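# Examining the three-dimensional arrangement
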Amino acid sequence: MSNYNDDKLLLDDLREGEEQAVRHLFHLYYPSLRYFAIDIVKDTQEAEDIAIRAFHKYLESRSQFESLPAIRSFFYTTVKNAGIDYLRKQHTHQRYLQDVKEQAYETADEQAEQSMLEAKVLQLIYEEVERLPIQCSTVFKAYFFEGKDTASIAAALNLSSQTVLNHKARAVQHLRAFVKKNGIFPVALFAFPGLFK
């Protein structure tokens, strides 16, 4: 999978519907969109469906996006609205007083805003992981995203255990500095507790 370090190349390929570019975009955004949707709807299957539907909506209108921030904003807005709609539909069959309903929707909207902030911070971290040197990025993802241990990573990458540990240490050091520099420590600590032990 290409790292697509050039945003313009990625955008051009996305507009052309290049499969590799679409896969890259999905890999980059799906984890945080899924997290965001789960936090809103509290239902993993529905959250995954919402995140995937957001990608389908994007693909239907991909030619109108001029930048990655515009795509990111579209994704989060689409997921938030779909999550709120899902909650509203779930509650329509119940007979709540109107003021209780309104309060519940306001609370859901506030929670969605908080979840959106957390998901955006996670997205920044995912993007920074993609910018790491390829070995550091691969080792970091194996440890923190896939839950693998040093021996299995070393075997899979045909590296010594010490080399794997060195890549992990470099990646962790870089990401700690990135998180502190960008003032996103509290959310990062929640998402990656092992990173800050």
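Our subject is the structure that appears above.
Residues numbered from 1 in each chain as written. Predicted model: local features only at pLDDT ≥ 70, side-chain atom pairs only at ≥ 80, totals over all residues. Heavy atoms only, no water.

### A closer look at the nonpolar core
Ranked by size, the top nonpolar core spans 32 residues in total, and within it Leu25, Leu33, Ile71 and Phe75 carry the most contacts. When residues of this core are traced back to their parent elements, those giving at least two are helix H1 (7-15), helix H2 (19-41), helix H3 (44-60), helix H4 (68-91) and helix H5 (98-131). Looking at this core element by element, the count peaks at ten residues for H2. Excluding its chain neighbours within four sequence positions, the residues that come into contact with isoleucine 71 are Leu11, Leu14, Leu25, Tyr58 and Phe65. With ten residues, the next largest nonpolar core counts Val129, Phe140, Leu175 and Phe178 among its residues. (Core = buried A, V, L, I, M, F, W, Y, C linked by side-chain atoms within 4.5 Å. Buried < 20%, exposed > 50% of the residue type's maximum accessible area, 1.4 Å probe, protein only. Helix = DSSP H or I, 4+ residues; strand = E, 2+ residues; numbered from the N terminus. Contact = heavy atoms within 4.5 Å.)

### So, the side chain of glutamate 130
By secondary structure assignment, the location of glutamate 130 is in helix H5. Judged by relative accessible area, which is 11%, glutamate 130 ranks as buried. One polar contact links glutamate 130 to histidine 27, side chain to side chain, over a distance of 3.0 Å. (Polar contact = N/O pair within 3.5 Å; in protein donor to acceptor, adjacent residues only side chain to side chain.)

### As for H1
Every buried residue of H1 is accounted for by Leu10, Leu11, Asp13 and Leu14. Looking down the long axis of H1, one finds its buried residues gathered within 165 degrees of arc, a one-sided arrangement. Positive backbone phi, at 75 degrees, marks glycine 17, one or two positions downstream of H1. (Arc of directions from axis to C-beta.)

### Observations regarding the packing of helix H7 (residues 150-157) against helix H8 (residues 161-181)
At a closest axis distance of 9 Å, the pairing of H7 and H8 adopts a crossing angle of 105 degrees. Considering the angle they form, H7 stands roughly perpendicular to H8. Facing H7, whose interface residues are Thr150, Ile153 and Ala154, H8 presents Ser161, Val164 and Leu165. Residues belonging to the contact of H7 with H8 are distributed by class as follows: four nonpolar, two polar and no charged. (Axes fitted to C-alpha atoms, helices over the stretch in contact; angles between N-to-C directions. Parallel < 35°, antiparallel > 145°, perpendicular 65-115°, else oblique. Nonpolar A, V, L, I, M, F, W, Y, C, P; charged D, E, K, R; others polar.)

Note that every value here comes from positions in space, so none of it alone points to a role or purpose.
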